[in-house]
Amino acid sequence: RFQDSMSVEKTHKFWETQPVGQFKDIGDTSLPEGPIEAATPLSEVKQEPYNLPAAYEWATCDMKSDYVCSEVYNLLKNNYVEDDENMFRFNYSKEFLSWALRPPGYYQSWHIGVRAKVSKKLVAFISGVPARIRARDDVVKMAEINFLCVHKKLRSKRLAPVMIKEVTRRVHLENIWQAAYTAGVVLPTPVATCQYWHRTLNPKKLIDVGFSRLGARMTMSRTIKLYKLPDVPATPGFRKMEPCDVPAVTRLLRNYLSQFIVATDFDENDVEHWLLPREDVVDSYLVESPETHDLTDFCSFYTLPSTILGNPNYSTLKAAYSYYNVATKTTFLQLMNDALIVAKQKGFDVFNALDVMHNESFLKELKFGPGDGQLHYYLYNYRLRSALKPSELGLVLL
Ligand code: NHW
């Protein structure tokens, strides 16, 4: 089977019309970095929503409403991203969605549903949240687009392009002209192509559900021994992050992220929202020096279970996803080993990490194995001279 990079590029009737890097421009270093199209006056932004097929209507989703949050949850639970073999489907929790969609300064108008006019059933969704993302020296206000989902029965009807145009319009109305998003599919054109790595925590279950296979010349008991972890973290001063840590964590993180070519630009409000621990949503730990009480190291992961499709014994795969990590005094190896230990204690079956930032420095030694899918990062209306290496990216989207 040919890999994406070798296969013939598909045509993209929609994406060819959008201000994104195009395949034909790859390698053309004469094109300038930065916005592809200039911002237009707000009075020139289309005031009315795009047209939907007659049976459907737009609905702005109030994610503060438990009922609406449940509707979005159920749409995604049944129709969102599956692996290539259709064995697993992401099952973002309601609490997670409420967190992911309501960061500081969020716009309710960017939480966009499509409903059937008669039944009012929610059949599609797309969302944006505001973020500052730095590309080289340029800190840009962007929308992070996520949770694009069309009900399985409405696929391949070109609904997605209309939804993307509508979210673009509503982002423009807030005078924001750039966006960042990730996808497993190849579109024009990735700013980076990353890989997921998986660290087995519960080998028996992962093998039983078909997530992994027993290695060659391995028995189950040898496999269990291979992935065994200590019961408690090893680093002195390793503890859960607390509200009083927000200023120091922000300093640690800002300093760390400044070295990457494209990175998130977190201030204290962002750190409070995105990194303070929330049960079953996001976990953050840090190392406080026992002598000086300085915060020297930080690690975090978010909770994203997947539904196991059609397995008689198990219904949910409990997965932790590496989020932002900073090591200044402890080694990344020891820090992330402690992250694995707490994730195991919390009952996760697997710990996933992308090869972004300095993650390569611990993946192999901590017994992560490469996954099969790739995750492509994209920017909308922002050009970089050439694609980045994963290690040049300081950005993790949910
Ligand atoms: S990626 C997860 C996306 N969701 C899923 O995979 C869930 C399961 N699949 C579905 O629900 C994280 C449907 O298959 C979807 C497509 C809805 C994906 N990104 O309606 P049609 C995100 O949420 C293009 C972008 O017939 P469909 C990030 C495709 O290439 N484009 O297809 C979202 C084709 O265009 P082309 C995607 O299968 C970022 C067209 O859609 C895409 O019924 C969004 C076909 O449409 C994807 N993941 O529905 C962009 N998948 O030109 C934000 C397919 O190739 C951009 N397509 O002909 C920035 C906007 C804000 C700017 C502000 C300045």
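Please read these numbers as outputs of a predicted model, since none were measured by experiment. (Residues numbered from 1 in each chain as written. Predicted model: local features only at pLDDT ≥ 70, side-chain atom pairs only at ≥ 80, totals over all residues. Heavy atoms only, no water.)

1. Remarks on the sheet that holds strand β13 (residues 316-317)
Part 1 of the reasoning: A sheet is described by the order of its strands in space; here three strands give the open sequence β2-β12-β13, paired in antiparallel fashion. Two strands bound the open sheet, and with one partner strand each, they are β2 (88-90) and β13.
Part 2 of the reasoning: By the bridge criterion, three bridges tie β2 to strand β12 (residues 306-308) in an arrangement that is antiparallel. Following the sheet pairing, R89 is matched in β12 by T307. (Pairing = 2+ DSSP bridges. Helix = DSSP H or I, 4+ residues; strand = E, 2+ residues; numbered from the N terminus.)

2. What about the site of the ligand?
Part 1 of the reasoning: The environment of the ligand is made up of 32 residues, and the closest members are H12, W15, L148, S156 and A160.
Part 2 of the reasoning: Side-chain polar atom of H12 to an oxygen atom of the ligand: 2.6 Å apart, as the coordinates give it.
Part 3 of the reasoning: Here an oxygen atom of the ligand sits 3.4 Å away from a polar atom, N or O, in the side chain of R155.
Part 4 of the reasoning: If the ligand stood free it would expose 1,200 Å²; the protein chains cover 88% of that surface.
Part 5 of the reasoning: Looking at the shell around the ligand, the elements that each hand over two or more residues are β5 (138-150), α3 (159-172) and β6 (178-183).
Part 6 of the reasoning: No other element matches the seven residues that α3 contributes to the shell around the ligand. (Near = heavy atom within 4 Å. Polar contact = N/O pair within 3.5 Å; in protein donor to acceptor, adjacent residues only side chain to side chain. Areas by Shrake-Rupley, 256 points an atom, 1.4 Å probe, with all protein chains shown as cover.)

3. Focus: the side chain of N91
Part 1 of the reasoning: The topology assignment puts N91 in the loop between β2 and α2 (94-101).
Part 2 of the reasoning: The exposure class assigned to N91 is buried, which follows from its relative accessible area of 9%.
Part 3 of the reasoning: When neighbours within four sequence positions are excluded, N91 is seen to be in contact with Y73, K77, L304, P305, S306 and T307. (Buried < 20%, exposed > 50% of the residue type's maximum accessible area, 1.4 Å probe, protein only. Contact = heavy atoms within 4.5 Å.)

These figures capture arrangement, not role.
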